Amino acid sequence: MSTSEARKTAVVTGASSGIGAATARALAEAGYSVFVAARRAERLEALAAEIGATAVQCDITDPESVSALAQTVGGRLDVLVNNAGGALGLDPVAEANLDDWRWMYETNVLGTVSVTKALTPALIASGAGVIINVGSTAGHITYEGGGGYTAAKHALAAVTETLRLELNGQPVRITEIAPGMVKTEEFSLTRFAGDQGRADSVYAGVAEPLVAEDIADAICWVATRPSHVDIDLMVIKPVAQAAQHKVDRRG
Ligand code: 8X3
């Protein structure tokens, strides 16, 4: 990006760790002026200082917080990365913890819709906006115990496709990035309520699970394609994961 033109802007939600933080770093490195949004102010401030971003404390499930984010961003935005989300538990459907399921729907789906709704006018105003929703392979397959998370990520995939249909004719591209097994600091730890042993067992024996930077690299690539190129869906898994239930654990 030449220094003579205005810097492009990007918003990354769930930016305080993992894929969100890595994406914010990658976009800043690529020359974007980045707004990093998440609930945890201290982590955000540290990241913002490190990469020269603007920290915006934001709970995507709180409408007032989302409207404050939109106010801070202003009238023009080039890239929105809806990354905030997560999984809780591995309950079978017949034993579902409904509070966990509600949290997963609120965060992965309604939070994403709320942020998208608030920022779409600014993306349109840029003349070449990009929305990148971080979904999951869980949005395209199902697995035992994954019902709450797979239902939420399937819903997110449906919302992404619907939005692409509805914004047809507007200068906004919409992409779903669907990662498989990504070893991050917090995803599995959150899922298992801080049980490090259970979290570690998810990646046991897998020689090289994906890391947050692998997904950030893909997001950055999608964001920087020419404005007539729409990448609908990108499914990204480690080589060891041929399918959800087919994982080479001999590493
Ligand atoms: C993470 C993939 O397999 O834990 O989004 O559902 S999985």
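Described in the following lines is the structure provided in the data block. (Residues numbered from 1 in each chain as written. Predicted model: local features only at pLDDT ≥ 70, side-chain atom pairs only at ≥ 80, totals over all residues. Heavy atoms only, no water.)

**As for the overall build of the protein**
What the protein contains, in helices and strands, is 8 helices and 9 strands. In terms of C-alpha radius of gyration, the protein reaches 17 Å, essentially the compact-globule figure of 18 Å for 251 residues. Dimensions along the principal axes, computed over C-alpha positions, put the protein at roughly 50 × 35 × 35 Å. The burial tally for the protein puts 49% of its 251 residues in the buried class. Long-range contacts, defined as pairs at least 24 residues apart, comprise 67% of the intrachain contacts of the protein with a sequence gap of at least 6. When the accessible surface of the protein is split by element, carbon and sulfur atoms take 51% of a total near 11,900 Å². One way to put it: in the protein the 20 positive side-chain charges average out to a point 4 Å from where the 29 negative ones average out. (Helix = DSSP H or I, 4+ residues; strand = E, 2+ residues; numbered from the N terminus. Rg over C-alpha atoms; globule rule 2.2 N^0.38 Å. Buried < 20%, exposed > 50% of the residue type's maximum accessible area, 1.4 Å probe, protein only. Contact = heavy atoms within 4.5 Å. Areas by Shrake-Rupley, 256 points an atom, 1.4 Å probe, with all protein chains shown as cover. Lys, Arg positive; Asp, Glu negative; His and termini not counted. Charge placed at Lys NZ, Arg CZ, Asp CG, Glu CD.)

**What to know about the pairing of strand S5 (residues 129–134)**
Along S5, 6 of the 6 residues are buried, which leaves the element largely enclosed by surrounding structure. Burial of the side chains of S5 extends over both faces: Gly 129, Ile 131 and Asn 133 are buried on one face and Val 130, Ile 132 and Val 134 on the other. Where strand S4 (residues 79–82) lies against S5, 4 bridges are found, and the strand directions are parallel. Considered in S5, the bridge of Leu 80 is made with Ile 131. For the crossover from S5 across helix H5 (residues 147–166) to strand S6 (residues 172–179), the handedness is right-handed. (Pairing = 2+ DSSP bridges. Right-handed = clockwise from strand over helix to strand, strands pointing away.)

**A word on helix H4 (residues 98–126)**
Quick reminder: α-helices carry 3.6 residues per turn. Residues three or four places apart thus point the same way. Compared with the 42 Å implied by 1.5 Å per residue over 29 residues, the 40 Å span of H4 between its first and last C-alpha is a close match. Of all the bends in H4, the largest measures some 45 degrees and sits at Leu 119, one to four residues before the proline Pro 121. Capping of H4 at its N-terminal end is provided by Asn 97; its side-chain oxygen lies 2.9 Å from the backbone amide nitrogen of Asp 99. Downstream of H4 by a residue or two, Gly 127 has a phi angle that is positive, lying close to 85 degrees. (Expected span 1.5 Å × (residues − 1). Bend = angle between axes of the 7 residues up to and from the residue. Polar contact = N/O pair within 3.5 Å; in protein donor to acceptor, adjacent residues only side chain to side chain.)

**What to know about the side chain of Thr 184**
Along the polypeptide, Thr 184 turns up in the loop between S6 and helix H6 (187–191). Polar side-chain contacts of Thr 184 include one of 3.2 Å to the backbone nitrogen of Phe 187. Once residues within four sequence positions are removed from consideration, Thr 184 is found in contact with Gly 18, Ile 19, Tyr 203 and Ala 212.

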